Amino acid sequence: MSPERERAYAAERLKIARAFGKRLRTLRVNDDHSQDSLARATRLHRTQISLLERGERIPGLLTILILTDALQVSPNNLLRGLPTPKERRSLGAKQGSPHVMSSEKQQLRLLGQTIRSIREKEYFTLPALAAAVNIPTIQLQAVEDGELDPDYELLIRLAECLGTRPSTFITRAEALGKQQNI
Amino acid sequence: MSRTFLIPARVLLDVREAILSVMGDAAMDLQEPVIRPERERHPEWFVESRARLEHLWRLLDLISWGEASQEVDVELDQPEYGLTILDAATHHAKRYKTWEEEADATDEWLVEEGEPPRKAETLRRGADLREFISALEPVV
């Protein structure tokens, strides 16, 4: 898999994990469960329920079945609306019409490029920086690819690890945009 | 300046849970290349995750895996493990926010199930963890 497709696939995995987490939380709350009580009802660790709801874990088949049993919903219901990871399809199936990138996406892409550039300058690998700010590698990859909008708290942690300030990310991304006539 | 820091026995259970959660991140990263074609030609795909997993494994060996009936204070090397513990504990403390908010609902469910309530324990552990993080931050 090319690095570009690998990054796109990582971003898709993160989207799927987050969509699943949101769905799980909705069904749990509807069923009057706390994270703790659902954990006890399923004999999963409560930390695992928290991680799933925050989109920081992709559940396995058994976990899905255990959750559907406890929440008394069908697997179809729990997985409803989740996107299919298209990046794993064959190249032929993936080809589509080119599209124009929105301004917001362009800004996210520039911010991601800036973070990647500073990270590489500071000799951080992607997994090492992800570990340092305590997020999954796929999440940081999605941020660097402009697929995910990092919250300010994450920007602060990234800045601390990279020895800079959050505002530097923004100003450098703006400068990069000017260079690229965006 | 001391090169070590102390994890008090009272927060060891939560520090262990925090480390195990981070270990899950490393395991997930390791799992991804395992299912790819041509994985055998790319040992480099596994290097970072393996190193991270081994680092966390050593850490759990040092703080113990929770098999003892009584937790004891643990002293650790600060340059080697300080940041790992601080980051993991900080993320774990965020999970406590939800557990504390939902503590009454949890207790209602526990009572229905004939189990003892645990709100007081959840609040105490959350507070202890935050206190530990506050003490560790200036050292790391």
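Shown above is the structure to which this text applies.
Residues numbered from 1 in each chain as written. Chains lettered and ligands numbered in written order. Predicted model: local features only at pLDDT ≥ 70, side-chain atom pairs only at ≥ 80, totals over all residues. Heavy atoms only, no water.

Draft legend 1. Quick look at the pattern of salt bridges. All names here are of chain B. This model, assessed by the stated rule, comprises 33 salt bridges over all chains. Taking the shortest distance from any N to any O, the salt bridge between Asp-14 and Arg-125 comes out at 2.8 Å. With Asp-14 in helix α1 (residues 9-34) and Arg-125 in helix α5 (residues 119-136), the pair connects residues that are 111 residues apart, well separated along the chain. Across the pair, exposure class does not vary: Asp-14 and Arg-125 are buried alike. For Lys-119, the salt bridge is made with Asp-104, and the minimal N-O distance between the two is 3.0 Å. Placement of the pair is Lys-119 in helix α5 and Asp-104 in helix α4 (residues 103-112), with a sequence separation of 15 residues. Judged by its relative accessible area of 44%, Asp-104 falls in the partly exposed class. (Salt bridge = Lys/Arg side-chain N within 4 Å of Asp/Glu carboxyl O. Helix = DSSP H or I, 4+ residues; strand = E, 2+ residues; numbered from the N terminus. Buried < 20%, exposed > 50% of the residue type's maximum accessible area, 1.4 Å probe, protein only.)

Draft legend 2. Up close: the interface of chain B and chain A. Facing the 30 residues of chain B at the interface are 35 residues of chain A. Buried surface at the junction of chain B and chain A, summed over both partners, amounts to about 2,900 Å²; 45% is from carbon and sulfur atoms. Its largest share of buried area at the contact with chain A, chain B owes to Met-28, Trp-99 and Trp-109 of chain B, together 21% of the area lost on that side. At the boundary of chain B with chain A, the tally comes to 6 salt bridges. A salt bridge links Lys-94 of chain B to Glu-153 of chain A; the nearest nitrogen and oxygen atoms lie 2.5 Å apart. Linking chain B to chain A there are 16 residue pairs in polar contact (both at pLDDT 80 or more). When contributions to the side of chain B that touches chain A are tallied by element, the ones reaching two or more residues are α1, α2 (44-63), α3 (78-101), α4 and α5 of chain B. With 9 residues, α3 of chain B is the largest single contributor of residues to the side of chain B that touches chain A. (Contact = heavy atoms within 4.5 Å. Buried area = accessible area lost by both parts, 1.4 Å probe. Polar contact = N/O pair within 3.5 Å; in protein donor to acceptor, adjacent residues only side chain to side chain.)

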